Amino acid sequence: MKILRFQNPHLMNKTAKIKKNHQFIVLQKLVIVSVLIGFLSAFLGISLKKITEYYEEIFFHEVTVNPVFYIVFPVFGLSVIYFLRQYLFKKKENKGIKEVFESTKSTSKNLPSYKIPSHFINGLLTVAFGGSTGIEVSTVVATATIGSVAQQKENVFRKYKTELICAGVAAGVTALFSSPIAGILFALEVISRKVTRAFIISNIIAVSVAFGLLSILKEEPLFAVSITTWHLKAIPYFILLGILAGMNSVYLTRCVLFFKSQFGKIDTHYYKILIGSVVLSISLFIFPQLYGEGYHAIKGIFSNSAEIPLTLTLAFTFVGVLLLKPIVTSITLASGGDGGVFAPSLFIGAFLGLLLASVLNTFFHVHVIPVNFMIIGMAAVLSASIHAPFTAIFLVCGLTNDYTLFLPILVVCLISKYTAKLIYPYTVYSYSPSLIK
């Protein structure tokens with residue numbers, strides 16, 4: 001016997017209407033919280049960038065006038081960070097972007113709110129006092145925490161945890177590099193790795209707010225560079241640059257993992273600070289270009305790249321910088337500094353590109369354009385270091401506010417990424433000791 005079930009059409013319509021109203025309310029709340037996350041993350045990113053640039057410039061000027069500060073600044077900066085972690089932040093270590101991964105993969109683990117001031121202050125102190133890294137990872141973790149705290153405020157946002165964390169990250173990256181597309185792509189390629197409707201809505205709104213704030217404040221591109229054109233005959237040399245960039249990124253990754261592992265065996269933290277400070281001080285004294293983010297050095301070689309003849313001294317400087325930068329960055333991080341591989345990758349890429357262009361022009365008379373090689377090199381090393389080629393493309397184009405080199409950058413970024421993956425499949429973000437057991 002069949003039982004006929006009759007449903008009340010009026011009841012069905014009412015249920016559908018209630019469901020639709022609920023979805024609309026959730027969407028409204030998602031939009032509002034995305035605006036808030038975008039504004040707070042952009043404000044944090046811009047503030048950290050401006051304050052760091054201001055004090056880094058002052059302190060770098062001091063060390064050039066009085067070299068004794070090469071000894072004082074690193075030990076002072078790392079010591080203050082250590083005492084802040086011990087007494088203000090209750091002995092809790094900062095793990096960098098891995099903290100963000102752990103949070104997005106777990107329903108119960110959230111980024112605690114103290115990580116906002118912790119990464120802000122420690123990132124500032126690290127770079128301003130000469131630590132050879134950048135504020136990018138400090139900004140990413142702090143802005144991810146803004147998204148994480150926001151999703152904890154209402155139960156309805158719990159299922160959008162990853163999306164809201166990514167909204168904070170995307171807005172923070174946008175604030176640092178003036179590129180909304182790079183912000184969204186970094187959140188997608190590195191953090192989320194999947195696209196949902198909530199991801200699209202929250203991230204587009206967050207980066208729009210961040211970019212709007214940048215426009216109101218009239219932020220200029222980080223590097224004022226004049227790019228005129230590029231030539232097809234340079235393609236073989238671009239490919240060579242991509243391969244070299246992939247190899248250099250692996251060197252950077254392996255250095256970071258090696259020194260963190262070795263310093264992890266030292267029980268007394270102040271020994272780490274002393275060893276790190278000694279290495280950092282000596283390196284900065286020999287190569288001042290390694291001080292802080294190194295953007296001052298990149299700006300310097302951008303402005304003089306066409307006029308620099310390759311001499312033995314200059315070649316030694318370039319090679320020394322390329323060899324030492326990954327080591328000094330790694331030791332800065334291993335001895336307690338806060339930061340990551342963003343700025344070091346851009347730095348290495350710029351110097352690698354200029355060295356290759358100088359060698360080609362001096363010894364092979366091919367007449368390539370050095371500035372083009374520097375810009376492409378920056379994108380290529382970053383692409384290979386974080387395995388995110390599309391983020392690297394738009395980020396570097398945003399840094400220069402010029403898309404003339406988009407096509408060669410695309411090709412070289414893909415070559416560098418897959419060269420790096422072929423040599424060593426991990427990044428500093430994806431590596432875990434358990435993966436090789």
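The structure this text deals with has already been given above.
Everything numeric here is computed off the predicted structure, so don't read it as measured data. (Residues numbered from 1 in each chain as written. Predicted model: local features only at pLDDT ≥ 70, side-chain atom pairs only at ≥ 80, totals over all residues. Heavy atoms only, no water.)

**Quick look at the overall build of the protein chain**
Cut-off, in case you're wondering: Helix and strand definitions here come from DSSP, where helices need a minimum of 4 consecutive H or I residues and strands a minimum of 2 consecutive E residues; each element is numbered from the N-terminal end. Within these notes, the globule rule equals 2.2 Å times the number of residues to the 0.38 power, and the radius of gyration is based on C-alpha atoms. Categorising residues by exposure relies on relative accessible area from a 1.4 Å probe, with only protein chains included: less than 20% of the type maximum marks a residue as buried, more than 50% marks it as exposed, and the intermediate range marks it as partly exposed. The contact criterion used throughout is that any non-hydrogen atoms of two residues lie within 4.5 Å. Here the accessible surface of atoms and residues is derived via Shrake-Rupley with a 1.4 Å probe, and residues count as covered only by protein chains that are part of the display. Within this scheme the basic residues Lys and Arg register as positive and the acidic residues Asp and Glu register as negative, but His and the chain ends are omitted. To locate a charge, the coordinates of NZ of Lys, CZ of Arg, CG of Asp or CD of Glu are taken.
Looking only at helices and strands, the protein chain has 16 helices and 0 strands in total. Computed over C-alpha atoms, the radius of gyration of the protein chain comes to 23 Å, within 12% of the 22 Å expected from 2.2 N^0.38 for 437 residues, which places it in the range of a compact globule. Dimensions of the protein chain, computed from the C-alpha atoms along their principal axes, are close to 95 × 55 × 50 Å. For the protein chain, buried positions account for 56% of its 437 residues. Put simply, of all contacts in the protein chain between residues at least 6 apart along the chain, 82% involve residues at least 24 apart. Put simply, the protein chain shows about 20000 Å² of open surface, and 66% of that area lies on carbon and sulfur atoms. Counting 36 positive and 18 negative side-chain charges, the protein chain places the centres of these two groups 17 Å from one another.

**Notes on the packing of helix H14 (residues 370-386) against helix H15 (residues 389-400)**
For any two helices packed against each other, one specifies the inter-axial angle together with the distance between the axes. Convention followed: Lines fitted to C-alpha atoms define the axes, with helix axes restricted to the stretch in contact, and inter-axis angles between N-to-C directions lie between 0 and 180 degrees. Each crossing is labelled by how the near helix is turned from the far one, with a counterclockwise turn of less than a right angle marking it left-handed and a clockwise turn marking it right-handed. Each residue gets one of three labels, nonpolar for Ala, Val, Leu, Ile, Met, Phe, Trp, Tyr, Cys and Pro, charged for Asp, Glu, Lys and Arg, and polar for the others, Gly among them.
At a closest axis distance of 8 Å, the pairing of H14 and H15 adopts a crossing angle of 145°. Viewed along their axes, H14 and H15 form a crossing whose handedness is right-handed. Where H14 approaches H15, its residues Ile375, Met378, Ala379, Leu382 and Ser383 are matched on the opposing element by Pro389, Ala392, Leu395, Val396, Leu399 and Thr400. Grouping the amino acids of the contact of H14 with H15 by side-chain chemistry returns 9 nonpolar, 2 polar and no charged.

**Considerations on the pattern of salt bridges**
What counts is decided by this rule: Any carboxyl oxygen of Asp or Glu that lies within 4 Å of a side-chain nitrogen of Lys or Arg is treated as forming a salt bridge with it.
What the rule picks out here adds up to 5 salt bridges. Each member of the salt-bridge network shares a partner with another, and the members are Lys49, Lys50 and Glu219.

These figures capture arrangement, not role.
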